[in-house]
Amino acid sequence: MSTASRFRSIEDTVRATHGKPGAGYWVALAVSASVFAFGAWAYSLIVRSGLHWTGLRRPGMWGNLITDFVFWVGIAHSGTLISAILFLFRARFRTAVYRVSEMMTVFAVLTAGLYPVLHLGRPWFAYWLFPYPNERALWVNFRSPLIWDVFAVTTYLTVSSIFLVVGMAPDFAALRDRAEGWRRRLYALLSFGWRGTDEQWRHYTRAYLFFAAFATPLVVSVHSVVSWDFAASVLPGWHSTLFPPYFVAGAILSGVAMVITILVPLRKAFHLEELITQRHVDMLCRLVILTSTIITYSYATEILLTLPQPATDPERSTFVYRMTGDYAPLFWLMVACNCIGPLLLYWRKVRETAAALLAVCIAVNVGMWLERFNIIVTSLAHDRLPFDWRTYVPRWVEWAITFGAFGWFFMLFLVGLKIFPSVSISEMKEEIAHEGALEAGHAH
Amino acid sequence: MSCRPSIASLLTGLAGALALARCGERPPPAPVQPIVFSHRIHAGLNAIGCTSCHASAEHAPVAGIPSMDRCRGCHKFVKEDKDDPAITAQIQALLRYLDEDKPIEWVRVHRLPDLVYFTHERHVRSGVQCSECHGAVEKMEAARQVAPLTMGWCLECHRRKQAERPLERAHLTDCLTCHK
Amino acid sequence: MSDRAQGGLPRRTFLKIAGAAGLAAGCSPKAATQKLVPLLVPPEDIVPGVPLYYRTVCRECPAGCGVTARTREGRAVKLEGNPEEPIGRGALCARGQAAVQALYHPDRFRGPMRRGADGRLSPVGWDQAEDQLAQAIAAARARGPGRVRLVTRAEPGAAGDVQRALLAAVGGRPADRLVLEPLDPAPVRAAGAALFGRPEIPALDLAAAHTVVSFGADFLESWVSPVEYTRQFAAGRGRIGDDRTRLVWVGPRLSLTGVSADRWLRVRSGGELPLALGLLRWVVDPGNAVAGLAPEVAALAPALLRLSPADLAARAGVAAADIEGLARELARRRPSALLGPGPSSQGPDATALAAVLLLLDLAVGNFGRTMWYGLDPAEEVPSTAAEAAALVEAMAAGQVDVLLAVNADPLAALPAALKAGEAAARVPLVVSFALRPDATAARAHLILPDHHTLESFGDVSPRAGVLNLAQPVMTPLFDTRQAVQVLLEVAGRLQLPAPLAPSADPYDLLQDRAGKRVQQAAAGPGADPAAAWREALQRGGAWSDAAPARRLPQLARDAAARFLALGPAPAPAAAGEVDLVLFPTALHGDGRSGELPWLQEIPDTLTSVSWSPWAEISPATAGRLGVRSGDLLALAGAAGRAEVPAYVFPGIRDDAVAVRLGSAEARALMPAGLDPVSGARAYAGSRVALSAAGRREPLPLLEGSPYQHGREIVQTVTAAAPAARRADLTHQMYPEPRHPDHRWAMAIDLDRCTGCEACVVACFAENNVPVMGAEAARMGRYMGWLRIERYLGDEPGGALDVQLLPMLCQQCTNAPCETVCPVYATYHTPEGLNAQVYNRCVGTRYCSNNCPYKVRTFNWRDPEFRAPLPMQLNPDVTVRSRGVMEKCTFCVQRIRYAEGQARDEGRPVADGEIVPACAQTCPAQAIVFGDANDPASRLSRAARAPRGFRALEEVNTQPAITYLARVRRAEEP
């Protein structure tokens, strides 16, 4: 099969994903859209009459919504990791999967970005968190981790979107050339007048490399900053120097798990098996196992460092409470999902059976959500003054908002799939060209 | 062609920021009052001091709206203007209120949000001239707001005053000075 | 003042709320155009924005403390004690301060009402109403004596005279006037009468007592004159060593008063008398050779020695050694004071108990040193429960034509067993003078709403030499009329031979009586009686500096003998039966003002329950019944039955259950039995069958874990180890914030604090803290800026060691909340305050998460103030809208006010010039506020004490609040 025809087949497979959506697609879109709509309505209750709709109360002033925030920022991680870091490491297997994970990143950040606003007591003043010249002559408090969040998240959103859009320019061009109607016009715009001249390619590869290098530190920084929301406090169970690495590892774990959760059905639905092969999946599974073990190590460190403290030590008390108190079941479920579950991926059988693989990855995502819930809620529920101890149980409104966010995320993703090339055409071609070159070399 | 939209958005963003920064700094026009009351004639021509009507400005948070009794005090005698029938008509309007013992429902000109605890006493006693905030009232036919009365505007003066004696005037830029 | 002006005032506060809401909506303040309506004729004394103070009297209980009412723009916004007045001395209890909410209660009657044939109330004119009443009285009068009855609270003043005169004028007997004071310690009067011929309650000076032993007398909560007693008692606390006043609590249940005690003798219900006899017996036993024994008491030895100590101890339910130990202490530590009985110990033998206690006081020579006779004017002795029962019988028998309820609610106050409701149904005309609907008003045919005390003239003389004057602090809110005026006007329509008073105007009446007294007192060469009267009105009363004759009791011959015997032992309790203990609390007293929002919202100190009745049972009992706090208990007694949520409380005996007086449940269970000698109600001495109702009704609890879990949060010191533990903070990473001018700080003496909640009510009143209701309380969304944390001990099941910790914003020097706020809504002021700027707050709630003390409260929803309650709001403090965080500000508005005054007078702020609401009202004076930068200030001196410690000091927040550790005696647990 000639290189040219293989090039063409790649384009066809990718263009096929933009074909007329089937019933399944519409159902999926309808479901996610309506879940999102319900969440939005639930939130409107809070805006109209206040946070009394939530289960929050002293001492637990944060609950589901902040948990969701941390969770989604976590999800957003793997995208940049896979596309940027692995790119710098020249890890070939990323080629087939990085586009999806980048899309996921951007949409996840868009989701995470909602929460800092959603959880406010007076969300209509959310813009006060941005430093801008105002008639009150007031400035923001740069000592506050929440302000660091604002910068971290907005920066991450900017960079990852630019990275995504720039990376897609050649593909958009390729699609433009074979599309017509509105798609043609849209792709023309998005491809920034790409013609594929050597000149452009030279600039493009430089730029891409540059962005990759630029995005890499963010992978580490963003979730470190988010972890400071907790580490910078004085609350037992939050105040820990372990948090940044621990959160980053957790973020990557949840992120990669989410990539797999999306890829596996995707590749089935759009018949991308020949582009996204089992090898790619295996590679991602390795990432999951690696980060899962890091997480296990972190859990162990945290607990083993506090248990030797005297029984009256609030820090110790908090961890004992986490493991044996009101929320103990959630804690152990978390351990099962994040520490035990991923180990199953050692078995080829599990990696190759879609259902098992999905189960493990979804479990990881549940587990990672629980991890944040445990950190936030148990620490608050059991702080220094015993007289104030109270538990927090999310109310339906909070669950509606939590799931609404998933609706929002998948809604965006489904739309994205129909517009963006979900596998990088140009880089796949590169791969082939590369192989071609190798074969040629053997021939002679 | 590809880069134009981004520049446009940049400009709009900048404009937006500036708009936010400047918003609410243009004071509103003078409201229409139930009867014509000329500060120019009272404070200007007749040189009546501010506190002779706004009596509590020196010893209370609010300067005070003169009671109908206070109007009567003078207008018991001042019932007309010999050489200006227009003004006579204005006085007549007042006298009607006085005869019916009805209060005049003045439309408020200066209004600070309720979250601001402004006190005239403190400002007057520390030597701030009425005109510094209320403008040349004695030249106004109808009283109107001249200062923006925004927080930035207040702070501008507070900071200036604080700079004079930074140590003992630390409270001038303390939020709790105006917000409790 | 013109109606216009009146109308203008509430609008101002309305705007404050609307403004806050507007802010919440994020809309510009210039949005709405507003009208400024000038006054027609300005009142000279009212300057908008400047507070004006009036002196008056508190009528929430018979103690009659003096009150200073702060008014703004002609409306009362806060009640404080009157520092010149000898009883309250500037302090005011929780109930006293809440009176202002009765003034602005949304349910107040807007005017006189008449009940139509359809049973509905409809407005009626005063003239018609008074006519109807006059005719009814005239008709009743014609039918003979005793057909017009009047129920009232104790009125030791002109009002009482008028009531008596009116009844007399219509041919009534003195008994036709029922003075309803359910908690009046009648047994003490009866015992005094029997022993010494003095039917009085002795005046106390607990400051002089080395040991106070209370037999169920909750003198720090509601007994007789709690504010005065708390002040006296606290005077002897806060020191280490032998001269510290020691308190012993005797009773089956540990009351809040008992929490201040150094020792709790867990006698069984009814065991107080045996214990007291045991003490007396030991004291007079020649074998023990107690020196300086009053001879007349020593003479009782033969009678007493017949009692066997072992038997007495067994009957009391305590060890004989405990009795002996306490007796030794009484013999050694003189003078002392033995108080009682109180409601929880007032059983069928209450007079005997009171008598034995008086004999003990006499024996060890307390009379003349800690207690006196002759100060109780006995001008208005409350009627006994027997008389109340007689009234109900008469009503039921149809012998009453007109029943007047003046400032009293008999249908709610009397035990359900008396069936006063049914009896009232047989009275042709029930007239209620209530301010707002109550049980009697619900059955009344005619409602003639009285003025609130803050709208009335009046005089109260709770004690010889004390004349407190009530005067209106504002124009009446509604078309109400002062009861005394109505009675006089009615009398005027009765064609009496002579008018009862020269005029029906309450002020004339006041002058006619109190005025004359004062002027006579001031009469003399060169004196100006008129000026004296003016001054009296200004100061809120006339108090003769010359101490009135204090009498020492003379024991009447053979009077004591009858009290020295012990009746037959009570029958052993049947299976499942426990003793019923009924107790009043500091927040609710006898329950007459119980339904006021603040008193409902603020949790009971001991149980942390709000908005709900509760039944206290011991952990053992709970285990036996298989219930936990919040499960419904079914209590069935001879009087009636009730279902009450259980509260498991280690501070009660296993053979007892305790229910708060003033609750409907307590009314249902209240035994109709009496103490035969005094005719007082026997609150104690009955049993109820206890069982689990099988349902659950979660209690609104403030407490999370009531145990300290070994964290030593609340410290105590002993004579042996007088210094509190301090954390080592020598290594600091960051430079200290500088406080160039002042550093406001506070010291709270835990050895004085009695947990009476007065400070909490003061805070609610001063700072517009919203009342959120029962549901919010159940959710744990209590908004109080100041809460009294109560720890029961170290670990569940461990030793009972109740410690109180008033917890409020610690105004930390290194405040964790400040660094985390993204918008500077909370920050550190140059004066060390930890400021919270509501209008800048966006509600991230991070500050609360990071606050180790969890003293920040969040506005989960917009607060509701039903009209006319907004008139009480303090105009100097923002009403917070939903979505913002709030907390204690050290009453920054007061700080700013004082600083302003000082600046005007060109002087520095004086020490003690700034007093936060909580410190101002504390009857125990446990709270000291001042400038920590000034080493000579009272605060600095207090904070330097070795007892001083900081809450969670190890976190290095460096709080501005220093707690002075509670003092414990070495031998105590």
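Just so it is clear, the structure is predicted and the values come from calculations on it, not from any experiment.

**Let's talk about the overall build of chain B**
In terms of helices and strands, chain B carries seven helices and one strand. Ordered by position from the N terminus, the helices and strands of chain B form the series α-α-α-α-β-α-α-α. Counting across all 180 residues of chain B, residues that qualify as buried make up 31%. Sequence separation of 24 or more characterises 62% of the internal contacts of chain B that already satisfy a separation of 6 or more. Surface exposure of chain B reaches about 10800 Å², of which carbon and sulfur atoms provide 63%.

**Remarks on the interface of chain B and chain C**
It is common to give the size of an interface as the accessible area lost on bringing the parts into contact. At the junction of the two partners, chain B supplies 39 residues and chain C supplies 40 residues. Summed over both partners, the interface of chain B with chain C buries about 3600 Å², with 61% contributed by carbon and sulfur atoms. The interface formed by chain B and chain C contains three salt bridges. A salt bridge links Arg-125 of chain B to Asp-904 of chain C, with the nearest nitrogen and oxygen atoms 3.8 Å apart. Where chain B packs against chain C, one counts 17 residue pairs in polar contact (both at pLDDT 80 or more). Elements that contribute at least two residues to the side of chain B that touches chain C include exactly helix H3 (68-75), strand S1 (106-107) and helix H5 (120-125) of chain B.

**Here we look at the sheet that holds strand S7 (residues 148-152) of chain C**
Residues and elements named next belong to chain C. One open sheet holds the seven strands; their spatial order is S6-S5-S17-S16-S15-S7-S8, and the pairing between them is mixed. Every other strand in the sheet has two partners, leaving strand S6 (121-123) and strand S8 (177-179) as the edge strands with one partner each. Across three bridges, the pairing between strand S5 (residues 113-115) and S6 is antiparallel. Residue pairing across strands places Arg-114 opposite Ser-122, the latter belonging to S6.

**Some thoughts on the packing of aromatic side chains**
Scanning the entire structure with this criterion turns up 62 aromatic pairs over all chains. The interplanar angle of 70 degrees and the centroid separation of 6.1 Å between the aromatic rings of Phe-172 of chain A and Phe-420 of chain A together place this pair among those described as edge-to-face. One end of the pair, Phe-172 of chain A, is in helix H6 (residues 145-178); the other, Phe-420 of chain A, is in the loop between helix H15 (396-419) and helix H16 (425-443), and 248 residues separate them in sequence. Assigned by exposure class, Phe-172 of chain A and Phe-420 of chain A land together as buried. Aromatic side chains Phe-230 of chain A and Phe-247 of chain A sit 5.9 Å apart centroid to centroid with 40 degrees between the ring planes, which places their arrangement in the tilted category. With Phe-230 of chain A in helix H8 (residues 198-231) and Phe-247 of chain A in helix H9 (residues 243-269), this residue pair connects regions lying 17 residues apart in the sequence. Here the basic side chain of Lys-418 of chain A rests over the ring of Tyr-25 of chain A, its NZ or CZ set 5.2 Å away from the ring centre. Its end group placed over the ring of Trp-860 of chain C, Arg-781 of chain C keeps NZ or CZ at 4.7 Å from the ring centre.

**As for the environment of Ala-799 of chain C**
Residues and elements named next belong to chain C. You can see Ala-799 is positioned in the loop between strand S31 (787-791) and strand S32 (803-807). Along the sequence, Ala-799 and Ala-139 sit 660 residues apart, while their C-alpha atoms lie 66 Å from each other. When sequence neighbours within four positions are dropped, the list of residues in contact with Ala-799 reads Leu-792 and Gly-793.

**Describing helix H8 (residues 272-284) of chain C**
Spacing of three or four residues puts side chains on the same side of an α-helix, whose turn is 3.6 residues. Counted at 1.5 Å a residue, the expected span for H8 of chain C with its 13 residues is 18 Å, and the 18 Å between its end C-alpha atoms agrees. Burial runs high along H8 of chain C: 13 of the 13 residues are buried.

**A few points about the packing of helix H4 (residues 158-169) of chain C against helix H18 (residues 483-492) of chain C**
Residue and element names in this part refer to chain C. Contact geometry of H4 with H18 gives a least axis separation of 10 Å together with a crossing angle of 25 degrees. In terms of axis orientation, H4 runs roughly parallel to H18. Where H4 crosses over H18, the handedness of that crossing is left-handed. Contacts between H4 and H18 pair Ala-159, Val-162, Gln-163 and Leu-166 from the former with Val-484, Leu-487, Leu-488 and Ala-491 from the latter.

**Describing the pattern of salt bridges**
Residue and element names in this part refer to chain C. What the rule picks out here adds up to 88 salt bridges over all chains. The partner of Arg-246 in a salt bridge is Glu-329, with the nearest N and O atoms 2.6 Å apart. Taken together, the residues Arg-246 in strand S11 (residues 246-250) and Glu-329 in helix H12 (residues 320-332) connect sequence positions 83 residues apart. Glu-329 sits in the buried class, given a relative accessible area of 7%.

**Structural notes on the nonpolar core**
Membership of the largest hydrophobic core comes to 354 residues, with the highest contact counts inside it found for Trp-72 and Leu-284 of chain A together with Leu-195, Phe-215, Phe-219, Phe-890 and Tyr-963 of chain C. With 16 residues, the top contributor of residues to this core is H9 of chain A. Those residues within four positions of Leu-284 of chain A in sequence are excluded, and the remaining contacts are Ile-82, Phe-93, Val-97, Val-256, Val-259, Ile-260 and Leu-263 of chain A. Counting residues in each nonpolar core, the second largest holds 34 residues, with Leu-133, Val-162, Leu-429 and Phe-433 of chain C among its members.

**Considering the interface of chain C and chain A**
Counting from both sides, the interface comprises 63 residues of chain C and, opposite them, 55 residues of chain A. Note on chain C versus chain A: buried area summed over both sides is about 5000 Å², and carbon and sulfur give 55% of it. The tally of links from chain C across to chain A stands at two salt bridges. Among the ionic pairs, Arg-787 of chain C bridges to Asp-388 of chain A, the shortest N-O distance being 2.9 Å. Ranked by residue count, the leading element in the side of chain C that touches chain A is S31 of chain C, at five residues. Here the residues of the side of chain C that touches chain A sort into 31 nonpolar, 18 polar and 14 charged.

**A word on H18 of chain C**
All names here are of chain C. The element H18 is largely enclosed, with a buried count of nine among its ten residues. Residues Ala-483, Val-484, Gln-485, Val-486, Leu-487, Leu-488, Glu-489, Val-490 and Ala-491 constitute the buried set of H18. Tucked into the core, H18 has its buried residues touching helix H3 (126-142), S7, H4, strand S15 (402-406) and helix H19 (506-522).

**A short note on the domain arrangement of chain C**
When the domains of chain C are assigned, the result is domain 1 (113-179 + 380-463 + 465-543), domain 2 (186-372), domain 3 (577-696) and domain 4 (739-967). Its C-alpha centre places domain 1 of chain C at a distance of 38 Å from the equivalent point of domain 2 of chain C.

**Some remarks on the pairing of strand S37 (residues 927-931) of chain C**
Residues and elements named next belong to chain C. Most of S37 sits out of view: five of its five residues are buried. In this structure, strand S30 (residues 744-749) lies alongside S37, joined through five bridges in antiparallel fashion. Residue pairing in the sheet places Ala-747 in a bridge with Val-928 of S37.

**Some remarks on the environment of Glu-430 of chain A**
Residue and element names in this part refer to chain A. You can see Glu-430 is positioned in helix H16. We classify Glu-430 as partly exposed; its relative accessible area is 47%. Note: C-alpha distance between Glu-430 and Val-225 (205 residues apart in sequence) is 37 Å.

**Some points on the packing of helix H4 (residues 94-112) of chain A against H15 of chain A**
Residue and element names in this part refer to chain A. Following both chains from N to C, one finds H4 and H15 inclined at 140 degrees, their axes separated by 10 Å at the closest point. In terms of orientation, H4 lies oblique with respect to H15. Between H4 and H15 the crossing geometry is right-handed. On the side of H4, the interface is formed by Val-100, Met-103, Met-104, Phe-107, Ala-108, Leu-110 and Thr-111, while H15 contributes Ala-405, Trp-408, Phe-409, Leu-412, Phe-413, Gly-416 and Leu-417.

**Considerations on the state of the cysteines**
Tallied over the full model, the rule gives zero disulfides over all chains. For the unlinked cysteine Cys-50 of chain B, the closest cysteine sulfur is that of Cys-130 of chain B, found at 4.0 Å. We classify Cys-50 of chain B as partly exposed; its relative accessible area is 44%. Considering cysteine sulfurs only, Cys-58 of chain C is the nearest to Cys-65 of chain C, which forms no disulfide, with 6.1 Å between them. Judged by its relative accessible area of 7%, Cys-65 of chain C falls in the buried class.

Definitions and cut-offs
Residues numbered from 1 in each chain as written. Chains lettered and ligands numbered in written order. Predicted model: local features only at pLDDT ≥ 70, side-chain atom pairs only at ≥ 80, totals over all residues. Heavy atoms only, no water. Helix = DSSP H or I, 4+ residues; strand = E, 2+ residues; numbered from the N terminus. Buried < 20%, exposed > 50% of the residue type's maximum accessible area, 1.4 Å probe, protein only. Contact = heavy atoms within 4.5 Å. Areas by Shrake-Rupley, 256 points an atom, 1.4 Å probe, with all protein chains shown as cover. Buried area = accessible area lost by both parts, 1.4 Å probe. Salt bridge = Lys/Arg side-chain N within 4 Å of Asp/Glu carboxyl O. Polar contact = N/O pair within 3.5 Å; in protein donor to acceptor, adjacent residues only side chain to side chain. Pairing = 2+ DSSP bridges. Phe/Tyr/Trp six-rings, centres within 6.5 Å; stacked < 30°, edge-to-face > 60°. Lys NZ or Arg CZ within 6 Å of the ring centre and 35° of its normal. Expected span 1.5 Å × (residues − 1). Axes fitted to C-alpha atoms, helices over the stretch in contact; angles between N-to-C directions. Parallel < 35°, antiparallel > 145°, perpendicular 65-115°, else oblique. Left-handed = near helix turned anticlockwise from the far one by under 90°. Core = buried A, V, L, I, M, F, W, Y, C linked by side-chain atoms within 4.5 Å. Nonpolar A, V, L, I, M, F, W, Y, C, P; charged D, E, K, R; others polar. Domains from an automatic or database assignment. Disulfide = S-S within 2.5 Å.

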